[in-house]
Amino acid sequence: MTFADIQSRAQAAAAPFLDSSQPRILVGASTCGKAAGADDLLAALPTHLKELGLAIEVTQVGCLGLCYAEPLVELRGADRPPLLFNGVTTESLGKILAAYYRDGEPEALATMTDQPCGDTPAFGQLPMLSGQIRVVSRNFGRIDPENIDHYIARSGYAGLARALDMDPEQVIEEVRTSGLRGRGGAGFPAAIKWELCCNEEAGQKYMICNADEGDPGAFMDRSVLESDPHSTLEGMIIGAYAIGASEGYIYVRAEYPLAIERVEKAIAQATEYGLLGDDILGSGFSFHVKIKEGAGAFVCGEETAMLASIEGRRGMPRTRPPFPAQSGLFGKPTNINNVETLANVPVLMEHGGAAFAENGTERSRGTKTFALAGKIARTGLIEVPLGTSLRHIVFDIGGGIPDEKTFKAVQTGGPSGGCIPAELLDLPVDYEHLAEAGAIMGSGGMVVMDEDTCMVDVARYFLEFTQAESCGKCVPCRLGTRQLLLLMNSMARGDSKPGDIDLVLDVAHAVKAGSLCGLGQTAPNPILTTVKYFRDEYESHVKERRCRAHKCEGLLRYAVVADACTGCTACFKACPAEAITGEPRKPHIIDPQKCIRCDACFQVCKFNAITKS
Amino acid sequence: MKRRSKSPVVHLPELDGVLPRYTREESQLIPLLQEIQDTLGYISPEAMQVTARHLNVPESSVYGVVTFYSQFYLTRQGRHKVKVCQGTACHVRGAVEIIRAVSARLGIKPGETTEDFEFSVERVACFGSCALAPVVVIDEKVYGNVTPEMAVRMLDELV
Ligand SMILES: Cc1cc2nc3c(=O)[nH]c(=O)nc-3n(C[C@H](O)[C@H](O)[C@H](O)COP(=O)(O)O)c2cc1C
Ligand code: FES
């Protein structure tokens, strides 16, 4: 079958779904949708539909990126524009269905067309969508990720078909024109890496997709694999063709079971359609892909550690050269790309590298997805042209800081990155500017922090993470991160010595300079940026033994304000440590010796009778 | 040089259906251990010996891999697995407080199992549901926007 045949067959099969005037119910069912209750909605739908006497098909789709508004349900048909409903619960579901499919006045978040309808804005007009350009996330929430026909009908695999008509060198040239740089962290130009691997003479080469997504606080790659797995798979096949690889691995972290399931299905479907496997689309090119499940080690996201892990050993990085392009998996030339890097490839192959390069800045081309999380009103997954300012991302798209608190910092790049303060909010987000600020772009996690976040605690937190994840192979990282953590712990306990801040900086620079791999080389970044921008917080921990954000355990004490306490016993019931005593209707008392500082009493007290000092 | 396993011959009937599906290559080590853990619930010393013999690798390599990757458990786990996310997004939204409350309620530290094997508590770095932080996963079900008080209540409901 030719690709044109496959396309027209897929278009016919997907037509009823893509026609949004046809009655249909779409439920956003990726991991965050499910965590917010999408599974309960899916279970409740048949009963509700039966009650209303409706026979409407339900389809599970991926993530629209508005995670704060989950669970999201789109209703279609009924002589109305398709409408998107947010925060749907099993209680509200019946009412929404009745209002939409009978003649009620449904209150929706947005219409799923280009046009608003009355007071309801169009999806693209939502504040969260402002300035977004969706390339990688083009199909998110728009297709059933488990249905290859949907992907093909929205021009999927057209990039692969075009690539197979070209020479590998021409494919690489197209990628070079696009200016695509690696989205996994380091920002290395994809074309150069492919070319190096392409030029190696070898019977066997490997193409690996890095889906380890170890940066805690980031979920871009998970969203891609759950919402549109074929885009990464197609990118991988194109890459394999360009470098001449016949086998590939997708290395997915074990914490992502749904992503693994959807990738498995995508591989099976693509193979069935002749888009993967032997003699792809009759081109003579063959490529086979296997999934490798990670086993819980952050360092395995580093490419040489990943190779060791796939080979069945402990994931310890090694020195380069030789680069994986020369000697990688099982000693063969190997190319490793991140999920998002690969998801860009089908688009740039279909429309050409020049069109891709229209977005972004001079040296950072294209768009980038970011995972917005932390103290921000609208959490979710966004995609903007590189060079967009942090202020636009945090305030216009993310809606700023909730609960009338003030912005303190945004953390980019995870444990390898840094904290960017309010003064630098106008910074354009691209590889160069973030590096200048001492942070890194990283894979795209953005964790927003407000006045209640202690920057010493944040730095200590990251150190705890990197120290635990250090593989132990090189001394500067193994011992250096440990010493840094001990120093940070004593600051948090309130027993550090004068001069400790400078000592921390000394050790941090040594770890950075002396470590073998990226983990150790970047582990001090969170400390270095927080000392640079928030030194006063460090000073108050060391000199005054005070944590102004009331976060650091050793400097924190909970007490009951006797005058405000009504003796309602809510705190007494909530305390898991039996640290609170008192009789009903009399002021309660917290035993500081037993208190574990879990904040439960503070959170349940309705009378502001608990203080932190 | 071809290595020869010196591991004693141990027979674990539970693994009779598992082992034959894995070729005798070192690259099968991690997937095999993953399936053994799915079958037995953890990796026992005997399971490591069986694995070493099957793949013809030294027991020390198997032990090295099992202890390197945080996914593998060396001891029997509780009936309910409570995983509290300690990722960045969850951290800034109060994950430490949740782990303190959960530990206090169950009387165990993260990484431990209660004496009656009802509960195990673990800290995990990010489930990728950061938008709903703080996140707790109990027996594979993901809960978002958890408070310390809620977490304790969910545990009490399982008792
Ligand atoms: C400690 C460490 C962890 C890393 N984790 C990841 C990861 O989880 N995902 C990823 O794509 N790249 C990760 N990287 C970067 C990879 O080593 C590599 O640069 C990347 O996969 C290359 O793909 P790209 O060029 O498409 O970005 C990590 C690097 C280091 C040093
Ligand atoms: S930080 Fe907790 S789910 Fe990502």
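Residues numbered from 1 in each chain as written. Chains lettered and ligands numbered in written order. Predicted model: local features only at pLDDT ≥ 70, side-chain atom pairs only at ≥ 80, totals over all residues. Heavy atoms only, no water.

Moving on to the interface of chain A and chain B. In this complex, chain A contributes 59 residues to the contact, which on the side of chain B involves 42 residues. Note on chain A versus chain B: buried area summed over both sides is about 3,900 Å², and carbon and sulfur give 60% of it. Linking chain A to chain B there are three salt bridges. We note a salt bridge from B:Glu97 to A:Lys551, for which the minimum N-O separation is 3.0 Å. Across the contact surface, chain A and chain B share 21 residue pairs in polar contact (both at pLDDT 80 or more). Considering each element in turn, the side of chain A that touches chain B owes the most residues, five residues, to helix α17 (residues 455-469) of chain A. Within the side of chain A that touches chain B, the residues separate by chemical class into 32 nonpolar, twelve polar and 15 charged. (Contact = heavy atoms within 4.5 Å. Buried area = accessible area lost by both parts, 1.4 Å probe. Salt bridge = Lys/Arg side-chain N within 4 Å of Asp/Glu carboxyl O. Polar contact = N/O pair within 3.5 Å; in protein donor to acceptor, adjacent residues only side chain to side chain. Helix = DSSP H or I, 4+ residues; strand = E, 2+ residues; numbered from the N terminus. Nonpolar A, V, L, I, M, F, W, Y, C, P; charged D, E, K, R; others polar.)

Right, let's talk about the packing of aromatic side chains for a bit. Two descriptors summarise a pair of aromatic rings, namely the distance from one centre to the other and the angle between the planes of the rings. Residues and elements named next belong to chain A. By the definition in use, this model includes eleven aromatic pairs over all chains. A centroid spacing of 6.5 Å and a plane angle of 90 degrees characterise the contact between Phe-85 and Tyr-100, whose relative ring orientation is edge-to-face. With Phe-85 in strand β4 (residues 83-85) and Tyr-100 in helix α4 (residues 90-101), the pair connects residues that are 15 residues apart, well separated along the chain. The exposure class assigned to Phe-85 is buried, which follows from its relative accessible area of 1%. Here the aromatic rings of Tyr-100 and Tyr-101 are separated by 4.8 Å at their centres, their planes lie at 85 degrees, and the arrangement is edge-to-face. Tyr-101 carries the same exposure label as Tyr-100, and that label is buried. Taken together, the ring pairs in this structure connect Phe-85, Tyr-100 and Tyr-101 into an aromatic cluster. (Phe/Tyr/Trp six-rings, centres within 6.5 Å; stacked < 30°, edge-to-face > 60°. Buried < 20%, exposed > 50% of the residue type's maximum accessible area, 1.4 Å probe, protein only.)

Most of strand β11 (residues 380-385) of chain A sits inside the fold, with six of its six residues counted as buried. Where strand β10 (residues 367-374) of chain A folds back on β11(A), the antiparallel hairpin that results is connected by five residues. (Pairing = 2+ DSSP bridges.)

Further remarks concern the nonpolar core. Side chains that are nonpolar tend, in soluble globular proteins, to be buried together. All names here are of chain A. Ranked by size, the top nonpolar core spans 87 residues in total, and within it Tyr-157, Leu-233, Ile-250 and Phe-287 carry the most contacts. For this core, the element with the most residues is helix α10 (residues 229-243), which contributes eight residues. Excluding residues within four positions of it along the chain, Tyr-157 makes contact with Phe-3, Ile-148, Tyr-151, Ile-152, His-230, Leu-233, Glu-234, Ile-237, Ala-270 and Leu-275. Core analysis: the next-biggest nonpolar cluster, separate from the first, contains 47 residues, Ala-409, Ala-437, Phe-462 and Phe-534 among them. (Core = buried A, V, L, I, M, F, W, Y, C linked by side-chain atoms within 4.5 Å.)

On to the site of ligand 1, then. Residues and elements named next belong to chain A. Lining the immediate environment of ligand 1, one finds 18 residues, of which Gly-184, Lys-193, Asn-337, Asn-338 and Thr-341 sit closest. Within the side chain of Asn-338, an N or O atom sits 2.8 Å from an oxygen atom of ligand 1. Residue Thr-341 places a side-chain N or O atom 2.7 Å away from an oxygen atom belonging to ligand 1. Protein coverage of the free-state accessible area of ligand 1, which is 610 Å², stands at 88%. Going through the elements one at a time, β9 (334-338) and α20 (518-522) are the ones with two or more residues in the shell around ligand 1. With three residues, β9 is the largest single contributor of residues to the shell around ligand 1. (Near = heavy atom within 4 Å. Areas by Shrake-Rupley, 256 points an atom, 1.4 Å probe, with all protein chains shown as cover.)

Residue and element names in this part refer to chain A. With their axes 10 Å apart at the nearest point, helix α3 (residues 38-51) and α4 run at an angle of 40 degrees to one another. The angle between α3 and α4 places the two elements in the oblique class. The chirality of how α3 crosses α4 is right-handed. Residues Asp-40, Leu-41, Ala-44, Leu-45, His-48 and Leu-49 of α3 lie in contact with α4, whose contacting residues are Thr-90, Leu-93, Gly-94 and Leu-97. In terms of residue class, the contact of α3 with α4 is built from six nonpolar, three polar and one charged. (Axes fitted to C-alpha atoms, helices over the stretch in contact; angles between N-to-C directions. Parallel < 35°, antiparallel > 145°, perpendicular 65-115°, else oblique. Left-handed = near helix turned anticlockwise from the far one by under 90°.)

Here the focus is the side chain of A:Lys292. The residue A:Lys292 is located in strand β8 (residues 288-293) in this model. No salt bridge is formed by the buried A:Lys292; the nearest opposite charge belongs to B:Glu25, separated by 8.7 Å. At a separation of 3.2 Å, a polar atom in the side chain of A:Lys292 contacts the main-chain carbonyl oxygen of B:Ser27. (Lys, Arg positive; Asp, Glu negative; His and termini not counted.)

Moving on, we come to helix α12 (residues 303-310) of chain A. Summarising burial for α12(A): seven of the eight residues are buried, a large majority. Within the span of α12(A), buried status applies to A:Thr304, A:Ala305, A:Met306, A:Leu307, A:Ala308, A:Ser309 and A:Ile310. Considering only its buried residues, α12(A) is in contact with β6 (206-211), β7 (247-252), β8 and β9 of chain A together with α1 (29-40) of chain B.

Turning to the environment of A:Arg134, a few remarks are in order. Residue and element names in this part refer to chain A. Within the secondary structure layout, Arg-134 lies in the loop between β5 (110-111) and α5 (148-153). The class for Arg-134 is partly exposed, based on a relative accessible area of 22%. Look past the residues within four positions of Arg-134 in its chain and what remains in contact with it is Leu-64, Gly-65, Phe-123, Leu-129, Leu-381 and Glu-383. Side chain to side chain, Arg-134 and Gln-132 meet in a polar contact 3.2 Å long.

Let us look at the sheet that holds strand β14 (residues 445-450) of chain A. Residues and elements named next belong to chain A. Ordered by their spatial adjacency, five strands build an open sheet running β11-β10-β14-β12-β13, and the pairing between neighbours is mixed. In this open sheet, the two strands that pair with only one neighbour each are β11 and β13 (418-421). Across the sheet, the mean angle separating the axes of adjacent strands is 30 degrees when strand polarity is ignored. Inspection of the sheet shows β10 paired to β11 by six bridges, in the antiparallel sense. Counterpart to Thr-367 in the pairing with β11 is Pro-385.

What follows deals with the domain arrangement of chain A. Domains assigned within chain A are domain 1 (17-125), domain 2 (148-356), domain 3 (367-453), domain 4 (456-543) and domain 5 (556-612). Inter-centroid distance (C-alpha atoms) of domain 3 of chain A to domain 5 of chain A is 36 Å. (Domains from an automatic or database assignment.)

A cluster of nonpolar side chains, contributed by A:Phe188, A:Ile192 and A:Leu196, occupies part of the molecular surface with about 260 Å² of accessible area. With respect to the secondary-structure elements, A:Phe188 resides in the loop between α7 (168-178) and α8 (190-199). (Patch = residues over 30% accessible without salt bridge, like charges linked within 9 Å, V, L, I, M, F, W, Y side chains within 5 Å.)

We now examine the domain arrangement of chain B. What the domain assignment reports for chain B is domain 1 (13-68) and domain 2 (80-158). Between domain 1 of chain B and domain 2 of chain B, the C-alpha centre-to-centre distance is 29 Å.

In sheet architecture, strand pairing relies on hydrogen bonds along the backbone and comes in two forms, parallel and antiparallel. Residues and elements named next belong to chain A. Taken together, five strands build an open sheet; the order of strands is β2-β1-β3-β4-β5 and the sheet is mixed. Bordering the open sheet on either side are β2 (58-61) and β5, each of which pairs with just one other strand. Relative to strand β3 (residues 73-76), strand β1 (residues 24-28) is paired through four bridges, and the arrangement is antiparallel. Paired with Leu-26 across the bridge in β3 is Glu-74. Contacting β1, β2 and β3, helix α1 (residues 3-18) runs over the sheet at an angle of about 90 degrees to β1.

The next thing to look at is the packing of α10(A) against helix α13 (residues 339-351) of chain A. Residue and element names in this part refer to chain A. At a minimum axis distance of 7 Å, the contact between α10 and α13 shows a crossing angle of 75 degrees. When the axis of α10 is compared with that of α13, the two are roughly perpendicular. Taken together, the residues of α13 that come into contact with α10 (itself represented by Ser-231, Thr-232, Glu-234, Gly-235, Met-236 and Ile-238) are Val-339, Leu-342, Ala-343, Val-345, Pro-346 and Met-349. Along the lines of polarity and charge, the residues of the contact of α10 with α13 split into eight nonpolar, three polar and one charged.

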